[in-house]
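Notes for the structure review
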Amino acid sequence: MAKAKTKSKDLVVVESPAKARTVGRFLGSEYEVVASIGHVRDLPKRKLGVDVDNGFEPTYVIADGKESVLKDIKKSLASAKIVYLATDPDREGEAISWHLVEALGLNEMKDVELRRVVFHEITKRAIQEAIDDPRELSEDLINAQQARRALDFLVGFNLSPLLWKKVRRGL
């Protein structure tokens, strides 16, 4: 018996599972909607993940527990021709989209078209308008989030041991 060929569906990636269900209902059966469940990459927890001697270049690792999320998204990518990155419209959402591109190797996939979409309300009209009017990832928003995260990390990484010693362990 011949295997039935699976129909290609456009893939939409949002941040939360609840949003994925709602957006999926609005978009219909020609789209598969999945959730990244927030950030998929981060700076390493146990070592300094920012190279202060090389332009504060960050080093990212797959965040704890996100290997299975990425594996599931990769499965969905197998039949997608278009990937819509529909994470939140703020700098965190932009960075999550960028991290997904990097972690999944989306820029190297020649047969997949990448589109960034943003919507400010979860309505059928707003979502459809976003799908109809995609844009590029914003390097400014991505860089703003990376700078904020690097500063938080550098201050925390260097300040925490001092606080633990002088004030209280675990601060």
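Position numbers for residues start from 1 in each chain and track the written sequence from start to end. Side-chain atom pairs in this predicted model are given and counted only at pLDDT of 80 or more, local residue features only at pLDDT of at least 70, and totals for whole chains, interfaces and linings cover all residues. The basis for the side-chain values is all heavy atoms of the structure; hydrogens and waters are excluded.

Regarding the overall build of the protein chain
To be explicit about the condition: Helical segments are the DSSP runs of H or I of at least four residues, strand segments are the runs of E of at least two, and each set is numbered from the N terminus. Only protein chains enter the accessibility calculation, which uses a 1.4 Å probe; a residue whose area is less than 20% of its type maximum is buried, one above 50% is exposed, and one in between is partly exposed. Contact definition: two residues touch when any of their heavy atoms are within 4.5 Å. Residue-level accessible areas treat just the shown protein chains as cover; the underlying method is Shrake-Rupley with a 1.4 Å probe.
What the protein chain contains, in helices and strands, is 5 helices and 8 strands. Residues counted as buried form 39% of the 171 residues belonging to the protein chain. For the protein chain, contacts bridging at least 24 residues in sequence account for 60% of all contacts bridging at least 6. Accessible surface, the protein chain: about 10,600 Å² in total, of which carbon and sulfur atoms supply 53%.

Here's the deal with the pairing of strand β1 (residues 10-14)
Which entries qualify depends on this criterion: Two strands make a pair as long as DSSP finds a minimum of two bridges between them.
Taken across its 5 residues, β1 has 5 buried, putting it largely inside the fold. Of the two faces of β1, the one lined by Asp10, Val12 and Val14 and the one lined by Leu11 and Val13 are each fully buried. Two strands pair when backbone bridges link them, and β1 and strand β2 (residues 31-35) are joined in this way by 5 bridges, in the parallel orientation. Bridging across to β2, Val14 finds its partner in Ala35. Pairing geometry for β1 and strand β7 (residues 82-85), over 3 bridges, is parallel. Its bridge partner lying in β7, Leu11 is registered against Val83.

A few points about the environment of Ala147
Position of Ala147 relative to the elements: it lies in helix α5 (residues 139-166). Relative accessible area serves as the criterion here: at 41%, Ala147 is assigned to the partly exposed category. The sequence separation of Ala147 and Phe56 amounts to 91 residues, and the corresponding C-alpha distance is 8.9 Å.

Section: unusual backbone geometry
Residues apart from glycine generally show negative phi values, whereas peptide bonds are mostly found in trans. Phi is positive for Ile37, close to 55 degrees, though the residue is something other than glycine. Within the secondary structure layout, Ile37 lies in the loop between β2 and β3 (41-42). For Ile37, a relative accessible area of 47% puts it in the partly exposed group. Positioned with a positive phi, Phe56 is a non-glycine residue whose angle comes to about 55 degrees. Mapped onto the elements of the fold, Phe56 is located in the loop between β4 (50-51) and β5 (57-58).

A look at the confidence of the model for the protein chain
Operational definition: Every residue is assigned a pLDDT by the predictor, reflecting its confidence on a scale from 0 to 100.
Across the protein chain, the average pLDDT comes to 90, with 89% of residues at 70 or higher. Below pLDDT 50 for its whole length, residues 1-5 participates in 0 contacts with residues either more than four positions away or in separate chains.

Observations concerning the packing of aromatic side chains
Note the threshold: Planes of paired rings set the category: under 30 degrees apart is stacked, over 60 is edge-to-face and the rest tilted, where pairs are Phe, Tyr or Trp rings (Trp by its six-membered ring) whose centres lie within 6.5 Å.
A full pass over the atoms with the stated rule returns 2 aromatic pairs. The interplanar angle of 55 degrees and the centroid separation of 6.1 Å between the aromatic rings of Tyr31 and Tyr84 together place this pair among those described as tilted. Of the two residues, Tyr31 is situated in strand β2 and Tyr84 in strand β7; the sequence distance between them amounts to 53 residues. When the ring of Tyr60 is compared with that of Trp98, the centres are 5.9 Å apart and the planes differ by 80 degrees; the resulting orientation is edge-to-face. With Tyr60 in the loop between β5 and β6 (61-62) and Trp98 in helix α3 (residues 91-104), the pair connects residues that are 38 residues apart, well separated along the chain.

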